[in-house]
Amino acid sequence: MTNDTTNDTTNSTTDVAAVPSPRVNFAKAAPKAFKALIGFDAAAREGLDPALVELVQIRSSQLNKCAYCLHMHTTDARKAGESEERLHMVAVWSEAGHFFTAQERAALALTEAVTLVAQGGVPDAVYQEAARHFTEDELARLLALIFTINTWNRIAISTGKVPGTDER
C-alpha cells in the first residue's frame, strides 16, 4: 500500500521548484549599493592584466557554482582572446599548472583560499606566494577583485540570474 500523502507532498515540492518565482532586480531595487559595487569592481581591476582578471573571476564562479557569472566571464575571456584549452583547464589549474604562468597560479591559489575562506582561512604559504608575484598595490587590488567576484556570484545566485542572458 502506498502513502498518497507522501506522494502528493513530493509532487507539490517538485512543482514549486520547477516554476521559480520572480526575484528582486538588485540593480533597480538597490541602485546605490549596485553602483558602489560597480565602482569597487572597477577600482579592483585597475592595473591588473585583463586575462588574469577573467581567470580569477572564472575560478571563483566555478567554486561558488554561479552559472550566470561563469558563462559571462568565459564569454568575456574568449572575446579577449583566451584559448579554449586554458579555459577548460581553469577548474583543474593545480593539476595542469603548465598551462598557466607562476603569477596566474599564485592568483588562482589565492582566489581559491579567499573564496573558500570558511574552509581553513587563507594559508600563509598561499598569501606569501601571491605576494612574491604581485606588488603590494597589485595584491590589494587582486584581493579586492576576489572580494567583488564573490559578491557578484552571491548576487547572481540569490536573485536567480539566468545563465546566458548576460544582463549587466
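Every value quoted in this text rests on a predicted model; they were computed, and no experiment measured them. (Residues numbered from 1 in each chain as written. Predicted model: local features only at pLDDT ≥ 70, side-chain atom pairs only at ≥ 80, totals over all residues. Heavy atoms only, no water.)

Colleague: Looking at this structure, how should I read the packing of aromatic side chains?
Modeller: The geometry of an aromatic ring pair is captured by the separation of the ring centres together with the interplanar angle, meaning the angle of the planes. For the coordinates displayed, the defined rule picks out two aromatic pairs. Taken together, a centroid distance of 6.4 Å and an interplanar angle of 65° make the contact between Phe26 and Phe34 edge-to-face. For Phe34, a relative accessible area of 18% corresponds to the buried category. Where Phe34 meets Trp152, the ring centres are 5.6 Å apart and the plane angle is 75°; that geometry is what we call edge-to-face. Placement of Phe34 in helix H3 (residues 31-45) and of Trp152 in helix H9 (residues 136-158) is noted, with a sequence separation of 118 residues between them. Within the aromatic cluster, the residues linked to one another by ring pairs are Phe26, Phe34 and Trp152. (Phe/Tyr/Trp six-rings, centres within 6.5 Å; stacked < 30°, edge-to-face > 60°. Buried < 20%, exposed > 50% of the residue type's maximum accessible area, 1.4 Å probe, protein only. Helix = DSSP H or I, 4+ residues; strand = E, 2+ residues; numbered from the N terminus.)

Colleague: Would you explain H9 in this entry?
Modeller: Residues spaced three or four apart along an α-helix face the same direction, because each turn holds 3.6 residues. Over its 23 residues, H9 runs 33 Å from end to end, which matches the ideal 33 Å to within 8%, given 1.5 Å per residue. At the exit of H9 stands Gly160, carrying a positive phi of roughly 70°. (Expected span 1.5 Å × (residues − 1).)

Colleague: Would you mind going over unusual backbone geometry with me for this structure?
Modeller: Note on backbone geometry: most residues besides glycine have negative phi, and most peptide bonds are trans. With a phi angle near 55°, Lys65 is a residue other than glycine that sits in the positive phi range. Locating Lys65 in the fold gives a position in the loop between helix H4 (50-63) and helix H5 (67-79). Classification of Lys65 by relative accessible area gives exposed; the value is 72%.

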